Amino acid sequence: AQLVESGGGLVQPGGSLRLSCAASGFAVSRYVMSWYRQAPGKERELVAAITRAGGNTNYADSVKGRFTISRDNAKNTVYLQMSSLKPEDTAMYYCNAYLTTMNNYWGQGTQVTVSS
């Protein structure tokens with residue numbers, strides 16, 4: 001099983017980015033898929049999650065209304081659409097797939113830097 005994130009980069013405040021998380025070796029439709037982020041000197045925090053059945057979503061308060069998580073089962077990929085980006089959104093963003101403690105996968109991360 002593997003997760004590969006992409007789409008990070010440098011963006012100005014107020015800008016947008018779309019992160020992608022391509023999965024292989026398992027079906028994202030069967031897992032709870034999440035995006036986490038970790039800024040230097042801070043703990044990793046949950047940003048957004050999408051459940052298996054029904055596709056219910058949850059967001060950190062700090063990103064509600066600005067970020068949207070979605071899943072394309074046909075492409076076996078999860079996305080994080082980020083808009084109205086702020087400097088405090090700067091972090092390494094990680095994709096996570098969780099089914100059980102034995103089936104818990106992480107990607108290598110993609111860097112997002114919000115700066116003028």
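Below or above, wherever it landed, is the structure these notes cover. (Residues numbered from 1 in each chain as written. Predicted model: local features only at pLDDT ≥ 70, side-chain atom pairs only at ≥ 80, totals over all residues. Heavy atoms only, no water.)

1. Overview of unusual backbone geometry
Note the following rule: What counts as a helix is a DSSP run of H or I of at least four residues, what counts as a strand is a run of E of at least two, and both are numbered from the N terminus.
Its identity as a non-glycine residue notwithstanding, Asn76 has a phi of 55°, on the positive side. Within the fold, Asn76 resides in the loop between strand S7 (67-72) and strand S8 (77-82).

2. Quick word on the pairing of strand S3 (residues 17-24)
Rule in force here: At least two DSSP bridges between two strands are required for those strands to pair.
Sheet analysis places strand S1 (residues 2-6) next to S3, joined by five bridges and oriented antiparallel. Looking at S3, one finds that Ser6 is bridged to Ser20. Note: S3 against S8, six bridges, orientation antiparallel. Pairing of Ala22 across the sheet is with Thr77, part of S8.

3. Remarks on the state of the cysteines
Using the following cut-off: In what follows, a disulfide is any cysteine sulfur pair within 2.5 Å. Using a 1.4 Å probe on the protein chains alone, a residue whose accessible area is under 20% of its type maximum counts as buried, one over 50% counts as exposed, and one in between counts as partly exposed.
Overall, the coordinates contain one disulfide when judged by the stated rule. In this model Cys21 forms its disulfide with Cys95; the gap between the sulfur atoms is 2.1 Å. Given an S-S torsion of about -80°, the disulfide between Cys21 and Cys95 has left-handed geometry. Here Cys95 lies in strand S9 (residues 91-100) and Cys21 lies in strand S3, a separation of 74 residues in the sequence. You can call Cys21 buried: its relative accessible area is 0%. On the basis of relative accessibility, which here comes to 0%, the residue Cys95 falls in the buried class.

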